[in-house]
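Each chain, letter by letter, is given below.
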Amino acid sequence: MTVVTEPTGPEPLGICLVANVAQETSHGDGGLEIRRGLRHFAPGAKVWIAPPAWGDGGERVNVAGRRRGNSRRYMRIVIERRFLENFRVRGVYSPALVRALAGVEPGEEQRLGARFLWPQEEAERVARSWNTPTMRALVDGDHRRTHLVTAPPPPELELDGATYHLAHFNARGARYSAEPPPTEPSPTTG
């Protein structure tokens, strides 16, 4: 995934990870409340993602985008990554967008450097990784760690030589148990 610029066009100020707000987002207890887009961004809105600034594994991301409605200005907000889709790498050409990603006022962009833009190789790697649907999984007996599995979750999970069986899952994650699922009695012929 290489960013291509026109030979006669302007050079980008840097590289950034871009995504769209999901058409439907799940909220509330068990993820049962479905909404169109997010409170601040319309469904399908393009948002620009700043590189991670804290160590939560990228579950929450700092984004800049145009607010829902008819806004011309960029706003910056922290949202959960699960509300985004279609991750890709694009060039950044707007100084206003760089200021929004960095959270600075006009005229202060000289002190920014490139820390609010991505190195291209890292952005491409993250885009590939985040485009693979995953969900959090808890394993009975291992409550200290959260595992990532593909979405939808596989019926069995192999960890440290042991097999765990899918016990429950919803929009928020999956739970695995060492106990095998109950078997239904086979119908008897009579």
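Residues numbered from 1 in each chain as written. Predicted model: local features only at pLDDT ≥ 70, side-chain atom pairs only at ≥ 80, totals over all residues. Heavy atoms only, no water.

1. Let's talk about the sheet that holds strand β8 (residues 134-139)
In spatial order, the strands read β9-β8-β12-β11-β10; together these 5 strands make up an open sheet with mixed pairing. Lying at the two open borders of the sheet, with one neighbouring strand each, are β9 (142-150) and β10 (156-159). Geometrically, the sheet is characterised by an average inter-axis angle of 35° between neighbouring strands, direction not taken into account. By the bridge criterion, 4 bridges tie β10 to strand β11 (residues 162-170) in an arrangement that is antiparallel. What sits directly across from Glu156, in β11, is His165. (Pairing = 2+ DSSP bridges. Helix = DSSP H or I, 4+ residues; strand = E, 2+ residues; numbered from the N terminus. Axes fitted to C-alpha atoms, helices over the stretch in contact; angles between N-to-C directions.)

2. Focus: the nonpolar core
Core analysis: the biggest nonpolar cluster contains 34 residues, and Leu17, Phe41, Ile49, Val63, Leu84 and Leu101 have the highest contact counts within it. The set of elements that each furnish at least two residues to this core consists of β1 (14-21), β4 (46-49), β5 (60-66), β6 (74-80), β7 (84-92), α1 (95-102) and α2 (120-130). Of the residues forming this core, the biggest block, 6 residues, is contributed by β1. Residues within four places of Val63 in sequence aside, it is in contact with Phe41, Val47, Trp48, Ile49, Met75, Arg76, Ile77, Ile79 and Leu84. Among the nonpolar cores identified, the runner-up in size contains 9 residues, and Val149, Leu157, Tyr164 and Tyr176 belong to it. (Core = buried A, V, L, I, M, F, W, Y, C linked by side-chain atoms within 4.5 Å. Buried < 20%, exposed > 50% of the residue type's maximum accessible area, 1.4 Å probe, protein only. Contact = heavy atoms within 4.5 Å.)

3. So, unusual backbone geometry
With an omega of 0°, the peptide bond running from Ala151 to Pro152 counts as cis. Even without glycine at this site, Asn86 takes up a positive phi of about 55°. Its location among the elements puts Asn86 in strand β7. Take Asn86: its relative accessible area is 44%, and that puts it in the partly exposed class. One non-glycine residue, Asp160, lies in the positive phi region at around 50°.

4. Section: the pairing of strand β12 (residues 173-177)
With 4 of 5 residues buried, β12 lies mostly within the body of the structure. As paired elements, β8 and β12 share 3 bridges and run parallel to each other. Along β12, the bridge assignment pairs Val139 with Tyr176. Bridging between β11 and β12 involves 5 bridges; their strand directions are antiparallel. Bridge pairing in β12 links Phe169 to Ala174. Hairpin connection, β11 to β12: the antiparallel pair is bridged by 2 residues.

5. A word on the side chain of Ser177
Topologically, Ser177 is positioned in strand β12. Taking relative accessible area as the criterion, Ser177 reaches 11% and is therefore assigned buried. Among the polar contacts made by the side chain of Ser177, one reaches the main-chain amide nitrogen of Glu179 at a distance of 3.1 Å. Each residue touching Ser177, except ones within four places of it in the same chain, is listed here: Asp140, Tyr164, His165 and Ala167. (Polar contact = N/O pair within 3.5 Å; in protein donor to acceptor, adjacent residues only side chain to side chain.)

6. Regarding the pattern of salt bridges
According to the stated counting rule, one finds 3 salt bridges in the structure shown. Residues Glu59 and Arg81 are paired through a salt bridge, measuring 3.6 Å at the closest nitrogen-oxygen approach. With Glu59 in the loop between β4 and β5 and Arg81 in the loop between β6 and β7, the pair connects residues that are 22 residues apart, well separated along the chain. With relative accessibility at 28%, the residue Glu59 sits in the partly exposed group. (Salt bridge = Lys/Arg side-chain N within 4 Å of Asp/Glu carboxyl O.)

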